[in-house]
Amino acid sequence: LEELMDDLKESESFSMNPELIDYFLTGIDFARGIVQGKADSFTYKTKDDLEGGQTVTQEEETPEQNSNPITAERQQRSEELNQEHIFIVDDEVDIQEIIKNFFVIESSNYVLHTFSSAEAALVELKKVSPLLVITDYKMPKMDGLKFLEEIQKVDSHLPVIMVSGNLDCDTIIDGLSKGATGFVFKPFEGDHLIKISQQAIRKYRAFKLLNNIDKKG
């Protein structure tokens, strides 16, 4: 996948073709399934295949089929490197837990970090590269917009979703113009928050893939 990306990432058709982006994201999910010990299959494509040639389906070996299985220690390390981190920032612990539970119910693939202040989250942001930040807008000391500005100093493309019980149009427009991914009003539905979060994560992953800027790589 990396070699194919190097061949195609400068191509205008690759950058603008959502089917090719989906192909690479599917490949990433397949690789993650390997380190998690989950059997799956992936249709591998060469550069010629993407121009209309044949494809080959490669199936992942199950633990029983693998003649040289990785050790438990190595597998655990691989899983840790492929974990998907989400930051949840709110000065109300109850709201932190509500948002966290939404994601726990949706998937076990996320590692959820909760913080009661933007300052605490910024400290951890220097150690961990999350896929998404969900933050309250109104917080003591540092509010959501100032937090957003500080996040962008670390990673200007990291998606940030703001939640609040009361925001006016001017504040929303200001936030979006400064790079916020979106706003969610309290009380919010879990399905809605999960949907926009997954959309933001997918777009961010695609951006990192196409630009080869994964900070952990």
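Criteria and thresholds
- Residues numbered from 1 in each chain as written.
- Predicted model: local features only at pLDDT ≥ 70, side-chain atom pairs only at ≥ 80, totals over all residues.
- Heavy atoms only, no water.
- Salt bridge = Lys/Arg side-chain N within 4 Å of Asp/Glu carboxyl O.
- Helix = DSSP H or I, 4+ residues; strand = E, 2+ residues; numbered from the N terminus.
- Buried < 20%, exposed > 50% of the residue type's maximum accessible area, 1.4 Å probe, protein only.
- Pairing = 2+ DSSP bridges.
- Axes fitted to C-alpha atoms, helices over the stretch in contact; angles between N-to-C directions.

(A) Quick look at the pattern of salt bridges. The final tally for this structure, using the stated rule, is 7 salt bridges. Lys-186 is the partner of Asp-136 in a salt bridge, and the nearest nitrogen-oxygen pair spans 3.5 Å. Within this pair, whereas Asp-136 is found in strand β5 (residues 132-136), its partner Lys-186 is found in the loop between β7 (182-185) and α9 (190-211), the two being separated by 50 residues in sequence. By relative accessible area, which is 4% here, Asp-136 ends up buried. The partner of Glu-149 in a salt bridge is Lys-178, and the shortest N-O contact between them spans 3.5 Å. With Glu-149 in helix α7 (residues 144-154) and Lys-178 in the loop between α8 (169-177) and β7, this residue pair connects regions lying 29 residues apart in the sequence. Taking the relative accessible area as the measure of exposure, Glu-149 reaches 30% and is therefore partly exposed.

(B) Fine view of the sheet that holds β5. Pairing in this open sheet of 5 strands is parallel, and the strands run β4-β3-β5-β6-β7 from one edge to the other. The two strands at the open ends of the sheet, each matched to only one other strand, are β4 (110-115) and β7. The sheet shows a mean angle of 20 degrees between the axes of neighbouring strands, direction not considered. Pairing analysis gives 4 bridges linking β5 to strand β6 (residues 160-164), with the strands arranged parallel. Pairing of Thr-135 across the sheet is with Met-162, part of β6.

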